[in-house]
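Understanding the architecture of this molecule
The lines below spell out each chain.
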Amino acid sequence: MSNTISFTVNGELYTIPVASHHTLLQVLREQLTLTGVKNGCEAGECGACVVLVDGEPVNSCLVLAPEVDGAAIITVEGLAHDDQLDPLQEAFIAAGATQCGFCTPGILINARALLNRNPDPTETQIREALVGNLCRCTGYIRIIDAIKIAAQAGKEAAR
Amino acid sequence: MQPFDYIAPQDHAEASALLADGDAAARAFMGGTDLLIRLRSGLIQPRRVVDLKALPGLREIRLSDSSPPAAPVAWLVIGAACTMNQVAAHPLVRRDYSLLVQACNAVASYQLRNRATIGGNCCNASPAADTAPALYCLDAMAEVYGPGGRRRIPIADFFVGPGQTALRKGEFLTAIHLPPPPAGAIGVFNKLGRTKVGDIALVSVAVYCWMERPDRSSETCQVCWRIALGAVGPTPLRAREAEDALAADSSTAGTKRAAELAAAAARPIDDHRASAAYRRDMVRVLTRRGIETVLMLRAGSDARSPAGDQPSLPGGPA
Amino acid sequence: MSQEAAGRNQEAGVRNRATEGRNPQSAIGNRQSAKHSLIGASLQRIEGREKVTGAAQYVDDLQFGPSLLHGRLKRSPIPHGHIAAIDVSRARALPGVRVVITGQDFPGYTGLYLRDRRIFALDRVRFVGEPVAAVAADTPEIAEQAIGLIEVAYEELPGVFDPELGASAEAPLLHPELGDYECAAFILPQAGTNISNHFKVRKGDMAAGWAAADLVYEHRYRVPHIQHVPLETHVCIAQTLAAGRGQDGRGKITLWSSSQSPFAQRNLIAKALGIGHGQLRVITPHVGGGFGSKAGVSIEGACVALALHSRGRPVKLRMTREEEFYTTFVRQGLVAYVKMGMTRDGQITAVQNRFYWDGGAYTEYGVNITRAAGYSGSGPYFVPNIHVDSLCVYTNHPIGGPMRGFGMAEIHFGIEQHIDQMAHQLGLDPVEVRLKNCLKEGQETLTGMIMHPTGLSQCIRKAAEAIGWERGERGTVRRPAPAEGWERGERGTVRRPAPAEGGERGTVRRPAPAEGGERGTVRRPAPAEGGEGGAGKEPAATQEKLVKKWAQPAVSSAAHKRHGKGIAAMWKAPAMPPNPGSSATVRLNEDGTATVSIGGVDIGQGALTAMAQLAAEGLGVKFEDVRVNTVDTDYSPYEWQTVASRLTWSMGNAVLRAAEAARTQILQMVAEAWGEKLNDLDIVEGQVVSYRSEESLPLKDLVVYGVQRADGTWIGGPVTGQGRFMPDYVTPLDPETGQGPRAVVHFTTGAQAVEVEVDIETGEVQVLKIVSAYDVGRAINPDMVRTQMEGGAVQGMSTALLEQIQLDHGAPRNPNFSDYRIATSVDAPLATENIIVEVPQDDGPFGARGIGEHPMVPTAPAIANAIYSATGVRIDSLPITSEKVWAALRAAG
């Protein structure tokens with residue numbers, strides 16, 4: 001069954017037919033070729049597919065395509081503005097928080113959502129916010145550092 | 001996943017009719033955190049998926065205006081499609097049912113809690129369901145809509161067996177009703193997993209305590225307890241003997257004894273996650289710890305106000 | 001200077017480099033020291049921006065349009081059986097199905113070290129999940145349906161699920177044709193058995209060794225199967241192109257593959273299909289983690305097979321997470337019997353180890369893990385008398401393949417607990433015992449190789465110091481529970497039990513007293529460096545002090561918590577055939593930037609960045625002006641495989657040589673054009689400079705167009721440097737004794753110390769701090785070295801506490817993240833410390849040695865040792881779940 005839905009992704013409006021049984025992950029990767037969103041398990045466990053839907057992070061592998069009619073979605077491709085990287089992206093590069101890079105997009109999105117709702121998180125809060133984003137390469141240590149750096153940069157910018 | 005149709009009915013009757021159709025040809029869909037995994041594995045292959053989220057009231061949290069007669073205070077009605085984060089963040093839930101806040105926040109990860117629903121957690125009916133021990137302690141009622149109209153089922157009757165609920169053909173869960181919180185209610189939820197956070201429970205224990213005055217003029221308060229166990233039986237369980245023992249004696253020795261009784265009440269099995277023996281002993285440990293924490297919090301809050309302010313409890317996202 | 005002379009000079013330059021490579025100090029000394037700012041610089045990863053913006057392309061991101069077909073594999077549901085019949089007719093008839101193939105279509109054998117497997121099972125399946133057929137269809141849904149329509153009839157056979165049983169004479173034979181399989185010269189299959197490799201070490205005089213021991217202890221350790229869990233599952237796309245049709249009419253095949261071994265894939269698949277190497281092109285973009293799982297060939301053969309029949313339509317084959325857990329490669333299980341003899345002052349006198357590897361259904365790669373474990377089977381210690389038997393056993397289990405550590409994590413789990421336990425039993429400090437016995441330069445390893453300079457002692461000391469080992473902890477004295485067969489002596493002294501009858505396995509045997517003091521000679525090890533651990537034992541008073549110091553747990557944070565610290569050392573050599581080659585080119589562009597082409601893959605370890613640093617350093621350009629290409633076997637120079645922690649060392653040498661060759665080409669043309677001497681010229685930050693005339697010229701333009709002479713003619717031409725490296729000194733080992741002058745290229749050594757907190761009511765273990773210290777020779781990029789240490793430590797911790805593929809009659813019970821848990825952000829230790837030790841590798845680029853695998857090797861035994869220190873219980877099998885700790889505490893009373 002095909003449904004035509006309208007939704008925005010990274011600020012762009014799309015009106016496209018989607019299959020009922022396709023997930024948001026499939027729509028983003030295959031129909032919109034936004035391949036920054038990754039497929040790590042398709043079971044909501046690894047977090048590689050996390051995107052923002054109406055400002056909140058969700059595992060896009062567990063969202064059915066027809067559900068996002070009318071929604072505003074942000075993927076990793078939408079974090080930077082023009083050539084200006086999000087402070088989190090800058091911090092990830094500076095802190096060495098990326099190795100193979102496969103978990104990075106999902107973590108950046110989740111971290112962006114965390115800083116949006118809590119601009120000054122404790123380390124415990126950072127760790128708990130990321131518990132559903134698996135990383136096998138880094139051991140999370142630089143990732144936590146990078147988020148702290150970005151939070152600090154955000155506080156300084158706000159002053 | 002094999003193809004299916006997606007339908008988002010706008011009214012309860014339509015939804016019920018869709019779900020009643022055929023041999024499991026239709027599946028109810030809210031958060032999808034369990035459903036989509038089963039769809040992808042091919043375990044189930046429905047012809048249509050019925051999205052209940054848009055039904056009136058299913059995503060709302062409100063005080064009931066139709067409480068049971070003679071009830072002086074309103075119940076809290078939580079729409080079945082409310083997400084874990086939604087429930088845990090709601091001011092009324094945080095004020096009056098912090099045990100449920102802890103339980104909701106124990107589920108998986110923040111992003112999964114943006115999708116997982118309290119209704120889905122109950123309908124999936126895993127014996128390890130994170131919200132169940134809290135709902136058992138709170139004496140929650142499940143409100144169900146079906147071909148025969150609406151009915152309410154006590155939560156302990158809603159869970160029937162592993163993966164099995166009291167829902168009949170064409171019925172779906174519409175809300176969880178929570179009775180008004182008793183005075184001085186304090187609850188603690190403890191969960192043991194293989195990883196510190198985010199795992200399916202190997203064992204979970206909710207301990208809940210409140211004060212009851214036989215009458216308003218009386219000085220004496222009766223302390224009442226609820227102890228509910230998760231992941232150690234075919235359904236969540238109440239440890240009633242433990243509750244009674246604790247009500248009679250909540251000294252250190254009494255706490256120890258109550259914990260042992262709770263362990264005895266558990267009916268765990270060996271499975272690929274843990275052995276029955278370990279689970280049983282962990283019931284004892286988590287129950288004891290839960291009771292100790294409740295007593296400590298009660299001592300702290302007694303110092304502040306006899307009515308029992310809600311102390312701030314662990315469990316909460318950033 | 002004539003062209004010929006210039007050519008000779010260039011050759012001489014390369015030749016000199018080869019010898020200079022043996023002595024990096026002199027090579028470096030020729031250049032200005034200020035220019036070495038890129039080596040030892042913690043520069044940011046060059047592909048960082050691509051990855052954080054989502055622009056980095058992995059195989060599944062490549063776009064192929066609507067003609068792309070989706071492949072799925074039909075898999076065996078049983079662990080062992082004959083295929084009686086396969087009926088694919090219903091699958092073929094399903095609309096949208098374009099290809100259906102079975103083992104009949106591809107009967108050839110393949111394998112890296114032992115050719116024992118086929119692309120699809122032909123007559124027999126040997127593990128749950130073995131592919132028996134494949135389909136390619138227009139959509140994934142149709143492919144899934146088609147798989148369900150393939151009917152396979154099996155006649156089940158009895159299975160082998162335990163490697164000790166599998167090695168015994170009673171076990172059914174899983175590979176009756178083992179004796180006919182082709183294998184590498186250094187693999188020793190035992191025809192007529194399930195043993196696909198038996199590596200032996202026989203050194204010294206065991207009787208004398210046991211006789212010299214005051215304590216002999218034997219124990220069994222068990223390590224289950226685990227999986228690498230790369231975040232990106234295995235995925236590949238293959239397409240046959242009509243253009244470029246070869247002699248055999250099959251056309252050119254392109255394989256896009258998430259792979260650690262594009263060249264090995266080309267080699268193995270071309271051979272399996274009987275086509276030429278030029279007919280198969282392998283392209284590897286970014287790879288989302290490998291950890292060894294993406295080495296060699298797994299699903300790629302099946303994907304190419306599908307593409308051969310799809311009439312030019314590209315076919316994608318991607319593993320679901322469930323398939324990833326058990327159908328590509330897993331890390332094989334191990335049952336290890338460790339037996340060690342030690343004098344009362346902690347000197348190891350003899351070791352006898354027996355390793356039974358649960359190799360799985362096919363051990364084409366696993367046989368080399370068995371070998372590596374064999375020649376490393378002493379642990380990083382000097383052991384003068386040693387027997388090791390390392391057996392690779394066929395079982396009806398998933399396929400064991402290379403995983404980070406290549407056997408080292410598995411064997412060190414037992415060895416590092418064993419030495420720890422013996423130290424405790426003797427009342428000695430485990431750190432001191434390790435320092436006493438750890439290999440020093442000049443000592444012989446168990447295969448007779450002379451140990452090269454190594455910082456192993458430094459690593460052990462520094463790790464112990466950083467975890468606070470010497471601090472001495474307050475709290476009640478807890479005496480460790482006596483190991484089975486031991487009696488608790490007084491005040492920490494050791495009382496040996498009466499000798500067990502017959503000295504059965506698992507009990508302790510008191511060494512037979514030497515008669516008349518003769519019984520062969522006892523070989524005493526050379527005194528340790530610095531006079532430590534020399535002859536003679538510690539005075540009794542000091543021994544007691546040592547017992548108190550480390551046996552006492554720290555003050556715990558709550559009544560039910562205990563703290564403890566543990567340490568473990570390790571060593572590992574790159575496990576390779578004797579002739580694994582690297583090559584590289586450095587090509588200059590008109591704008592003065594350089595393009596480096598390599599055959600190795602960045603799987604997250606930072607290879608692209610390290611190579612850019614080496615190339616920039618070797619050439620004399622800025623780091624930002626170097627690009628490093630990913631691999632396309634049509635254009636990239638050959639690299640053996642991205643495994644074995646070998647790229648920085650081996651490929652790094654090739655890149656450095658290529659860069660220096662390019663540099664020489666540039667300097668020679670400018671020398672001639674300027675009438676200057678080569679030695680007076682240099683390239684600094686992209687400028688050719690003369691130290692004599694102080695002239696300078698940017699590289700731009702001249703590196704392609706050449707330099708104009710005074711008379712208006714031009715000299716030079718496009719600059720391309722090439723370099724290659726292959727170690728030429730690895731010797732074969734005697735098949736009966738494992739002895740030989742040079743078993744391996746080198747060892748990277750190190751140690752980890754951990755602090756844990758144990759909840760003694762629940763058994764939960766929290767890792768508070770991990771300290772890692774490794775001798776990397778020279779850290780090309782220190783921060784990247786540290787990130788490897790951190791990531792490895794957490795992965796090691798995860799395998800220690802959480803991971804196991806639960807196999808039930810060969811079927812995996814937990815192929816998903818719900819029940820195969822890996823460490824999350826919450827589990828990562830609260831603190832880590834990473835210590836870089838640099839004792840140069842004589843033939844490494846600037847002295848560098850590999851580090852990729854080593855940081856996850858000693859973590860599990862370090863944690864087990866820390867738990868022992870905290871609680872007095874020792875867990876001898878992985879994973880150390882909270883339930884196991886709880887059960888052990890209960891058993892100890």
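Our subject is the structure listed above.
Cut-off values and rules
Residues numbered from 1 in each chain as written. Chains lettered and ligands numbered in written order. Predicted model: local features only at pLDDT ≥ 70, side-chain atom pairs only at ≥ 80, totals over all residues. Heavy atoms only, no water. Core = buried A, V, L, I, M, F, W, Y, C linked by side-chain atoms within 4.5 Å. Buried < 20%, exposed > 50% of the residue type's maximum accessible area, 1.4 Å probe, protein only. Helix = DSSP H or I, 4+ residues; strand = E, 2+ residues; numbered from the N terminus. Domains from an automatic or database assignment. Contact = heavy atoms within 4.5 Å. Disulfide = S-S within 2.5 Å. Pairing = 2+ DSSP bridges. Axes fitted to C-alpha atoms, helices over the stretch in contact; angles between N-to-C directions. Buried area = accessible area lost by both parts, 1.4 Å probe. Salt bridge = Lys/Arg side-chain N within 4 Å of Asp/Glu carboxyl O.

Before going further, it helps to examine the nonpolar core. Formed by 189 residues in total, the largest nonpolar core has its most connected members in Phe92(A), Ile147(A), Ile460(C), Val756(C), Leu801(C) and Ile863(C). Residue contributions to this core peak at eight residues, all from helix α12 (residues 408–425) of chain C. Residues from two domains meet in this core; each of domain 1 (2–78) and domain 2 (87–158) of chain A gives at least three. Ignoring anything within four residues of it in the chain, the contact list for Phe92(A) reads Ala97(A), Thr98(A), Thr104(A), Ile107(A), Leu108(A), Ile143(A), Ala146(A), Ile147(A) and Val52(C). With 92 residues, the next largest nonpolar core counts Cys82(B), Ala88(B), Leu100(B) and Tyr145(B) among its residues.

A few words now on the state of the cysteines. As enumerated under the stated definition, the model contains zero disulfides over all chains in all. Cys49(A) takes part in no disulfide bond, and the closest cysteine sulfur, belonging to Cys61(A), lies 3.7 Å away. Summary of cysteine pairing: Cys123(B) is not part of a disulfide, and the nearest cysteine sulfur, belonging to Cys122(B), is at 6.7 Å. Take Cys123(B): its relative accessible area is 26%, and that puts it in the partly exposed class.

All names here are of chain C. The three strands lie next to each other as β23-β24-β25, forming an open sheet whose pairing is antiparallel. On the outer flanks of this sheet lie β23 (681–684) and β25 (696–698), each paired with one strand and no other. Pairs of neighbouring strands in the sheet enclose a mean axial angle of 20°, with direction left out of account. The pairing of strand β24 (residues 687–690) with β25 spans three bridges and is classified as antiparallel. Within the sheet, the bridge partner assigned to Gln687 lies in β25 and is Pro698. Relative to the sheet, helix α17 (residues 647–674) contacts β23, β24 and β25, its axis offset from that of β23 by approximately 130°.

Turning our attention to the interface of chain C and chain A. Of the residues lining the interface, 52 residues belong to chain C; the matching set on chain A comes to 44 residues. Taken over both partners, the interface formed by chain C and chain A buries close to 4000 Å², and the fraction arising from carbon and sulfur atoms is 53%. If you sort the residues of chain C by the area they bury against chain A, Val52(C), Leu231(C) and Ser825(C) come out on top, with a joint share of 19%. There are eight salt bridges connecting chain C and chain A.

Between Leu878(C) and the following residue, Pro879(C), the backbone shows a cis peptide bond with an omega angle of -10°. Residue placement: Pro879(C) occurs in the loop between α20 (859–871) and α21 (882–892). Phi is positive for Asn10(A), close to 50°, though the residue is something other than glycine. Structurally, Asn10(A) is set in the loop between β1 (2–9) and β2 (12–19). Asn10(A) gets classed as partly exposed once you look at its relative accessible area, which sits at 23%. Here the phi dihedral of Ala644(C) falls at roughly 65°; this positive angle occurs in a residue that is not glycine.

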